[in-house]
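Below, each chain spelled out in residue letters.
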Amino acid sequence: MVQSSNSTSQPLKPRILHQAIQDWQVREALSRTLLTNRHLTGFDSAYSPQNASSIKSLESYPSINAHVSRIMEGEPVNVNEFQELARQALPKMYYDFFSGGAEDQYTLKENVEAFRRITFRPRILVDVSRINLSTTVLGYKISAPIMVAPSAMHKLAHPEGPNLLGRNASSIKSLDSNPSINAHVSRIMEGEPVNVNEFQELARQALPKMYYDYYSGGAEDQYTLKENVEAFHRITFRPRILVDVSRINLSTTVLGYKISAPVMVAPSAMHKLAHPEGEIATARAAAASNTIMVLSSMSSCTIEEVASSCNAIRFFQLYVYKNRDVAAQLVQRAERNGYKAIVLTVDAPMLGRREADIKNKMIVPPLKNIEGLVSTEVDNDEGSILEGFAKGALDASLCWRDIGWLRSITNLPILIKGVLTREDAIKATEVGVAGIVVSNHGARQLDYTPATITVLEEVVHAVGGKVPVFLDGGVRRGTDVFKALALGAQAVLIGRPVVYGLAAKGEYGVRKVIHMLKDELELTMALSGCPSVKDITRSHVRTEHEKIHSLL
Ligand SMILES: Cc1cc2nc3c(=O)[nH]c(=O)nc-3n(C[C@H](O)[C@H](O)[C@H](O)COP(=O)(O)O)c2cc1C
Ligand SMILES: CCCCC(=O)C(=O)O
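As a starting point, this report considers the structure included with it. (Residues numbered from 1 in each chain as written. Chains lettered and ligands numbered in written order. Predicted model: local features only at pLDDT ≥ 70, side-chain atom pairs only at ≥ 80, totals over all residues. Heavy atoms only, no water.)

## Section: a nonpolar patch on the surface
Formally: Here the term patch refers to residues with relative accessible area over 30% and no salt bridge, with like charges joined within 9 Å and nonpolar side chains (Val, Leu, Ile, Met, Phe, Trp, Tyr) within 5 Å. For accessible areas, the Shrake-Rupley method is used with a probe of radius 1.4 Å. Any residue's cover is judged against the shown protein chains and nothing else. Any Lys or Arg side-chain nitrogen located within 4 Å of an Asp or Glu carboxyl oxygen qualifies as a salt bridge. In this text, helices come from DSSP runs of H or I with a minimum length of four residues, and strands from runs of E with a minimum of two, each type numbered from the N-terminal end. Burial classification: accessible surface area is computed with a 1.4 Å probe over protein chains only, and a residue below 20% of its type maximum counts as buried, one above 50% as exposed, and the rest as partly exposed.
Taken together, the side chains of Val126, Val128, Ile131 and Leu133 make up a nonpolar region of the molecular surface, amounting to roughly 410 Å² of accessible area. Looking at the secondary structure, you find Leu133 in the loop between α7 (106-116) and β1 (135-137). For Leu133, a relative accessible area of 53% gives the class exposed.

## Considerations on the nonpolar core
Generally speaking, a soluble globular protein has its nonpolar side chains buried in company with each other. In plain terms, the rule: To define a nonpolar core, start from buried Ala, Val, Leu, Ile, Met, Phe, Trp, Tyr and Cys residues and group those joined through side-chain atoms within 4.5 Å. For this analysis, residues touch if any pair of their heavy atoms sits within 4.5 Å.
Leu318, Tyr321, Ile436, Leu456 and Leu471 are the most contacted members of the largest nonpolar core, which totals 110 residues. Sorting elements by how many residues they give to this core places helix α22 (residues 496-528) first, with twelve residues. Every residue in contact with Leu471, bar those within four places of it in the chain, is listed here: Phe232, Val438, Thr452, Ile453, Leu456, Ala484, Ala489, Ala491, Val492 and Leu493.

## Describing the site of ligand 2
Rule in force here: Nearness is defined per residue: one heavy atom within 4 Å of the molecule or strand is enough. Contacts described as polar in this section are N or O atom pairs within 3.5 Å, which, within protein, must combine one atom able to donate a hydrogen with one able to accept it, while residues neighboring in sequence count only if both atoms come from side chains. Throughout this entry, Asp, Glu, Lys and Arg are counted as charged residues, while Ala, Val, Leu, Ile, Met, Phe, Trp, Tyr, Cys and Pro are counted as nonpolar. The remaining residues, Gly among them, count as polar.
Ligand 2 sits among Tyr214, Ala269, Met298, Tyr319, Leu351, Arg354, Ala390, His441 and Arg444. Between ligand 2 and Tyr319 there is a distance of 2.4 Å, counted from an oxygen atom to a side-chain nitrogen or oxygen. Interatomic distance of 2.7 Å between a side-chain N/O atom of Arg354 and an oxygen atom of ligand 2. Starting from 290 Å² of accessible surface for ligand 2 in isolation, the protein chains cover 95%. Residue classes in the shell around ligand 2 are distributed as six nonpolar, one polar and two charged.

## Concerning the site of ligand 1
As a matter of local geometry, ligand 1 sits amid 22 residues, with Pro267, Ser296, Thr345, Asp472 and Arg476 nearest to it. At 3.1 Å from a nitrogen atom of ligand 1 is found a main-chain nitrogen or oxygen belonging to Ala269. In this structure, a nitrogen atom belonging to ligand 1 sits 3.2 Å away from a side-chain N or O atom of Gln317. Contact with the protein chains removes 99% of the 590 Å² of surface that ligand 1 exposes when unbound. Across the shell around ligand 1, the residue classes break down as seven nonpolar, ten polar and five charged.

Structure representation (structure tokens):
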């Protein structure tokens, strides 16, 4: 047997294998290109395992090869593809200006998506050999029923500006050579939050995980936590036009106290975990914003410290401890120190199951209000120490007849916080409360309670105007405040955004949060045709419920 010494005459098998691998790689690459460009080439069937042998002939076709190897570059095939090209062509500032929508950009997305939900009912066997797109607009014949909408500042998009659309162009040079505009354009927007939601990330960065989790978390699956916010997104506006909105008045009254806007500070516990100045900073921000702060029973600063720190109108939130004398003492201290109402929280006979707190073994920090009155020493190696504390300290036997007890120990008006049903709203008015707060405790107690905004109307109807109804839970936008007012709330309270503002930037952060919501509310009122809060009516919004009804 003659053995070849030729270096190319390797054993047959590896050579074939090598060749096969090479062939396979070529085919793979080619088929990938073909798949990507199938709509361009029309060669869908050029490669398949069955006709793999024909590949060779294809490879030797220079014009096809050139075509195939061209990547789909540059040339858009539909209007949407121009967006990406524009993004690449423009400074971020200009692209953002042209492409962006307002606030959550819900409507921006929805404008497009609503078209996608409309399907066709095409007719067949119609002679369509000649298609005529033309139409007339105010008597002018145009080639198709598509016109160019007015949009501002085309020179930011292209030096010729409106020239492209057939108008006279003046020079772009002036803009290009304006150094201050250029410098401004190239600066990136850093740091400063532009809406309340952006404070959450700042707070997350500022806080130890245990505290951030405590502030941000909800109960169990956190269904209600998400829903509190998302239910607002499902309510849309019915804005009115041509109303004089040159002056907007946001102010309102709560229990006879005039405040600058229908946005109050909800009670939330332990502000010193967020910022060393604790509730004093929060109260000062509320005072500067001319609104009401509800101080939590479980504050880090005392009733007295907060009272003497500023002249905010303050309400006091009450948790009833097992030792009723402690609750009575707290109420009397609040009354003595000029708090104007008691907000009795009734949705926390026990603490909700907050799983992050369980994992973190959430602590009970010093609570100066109840120092020496209620022990915060808790023997709980497993799970949330805070939960253990609540179990030991809070009076789970509190019931309707205790409202009478509370009324007997104070002259202050009593608001009840945590109402979610018409049944309880009616009972509350019967026992003589001065107001109702529709609340699910920011989704921290019973998970799968409905979003508060979805039950507001039910409560408002049951109360029938006898007492004011307030709402908290998921308010993150001026549009949310407007929606709550349209559905019958006198004002809203905000919880987490205040704490996030405090954690991120102290008193200034809380002021900023309130200010942003007020600004957004003002704009919402202007764009809805409501110069004052009393102009906001039920017919300015459309709820899910109505959308469903309109389909029946
Ligand atoms: C960290 C935190 C602590 C809270 N502490 C209290 C409290 O001490 N007393 C009370 O009545 N409600 C408390 N709440 C509930 C709020 O008053 C309010 O109902 C809720 O935060 C509103 O929802 P939002 O956070 O989505 O705005 C707390 C809420 C949070 C987030
Ligand atoms: C024991 C109550 C803790 C404060 C509170 O209400 C909350 O964390 O939601």
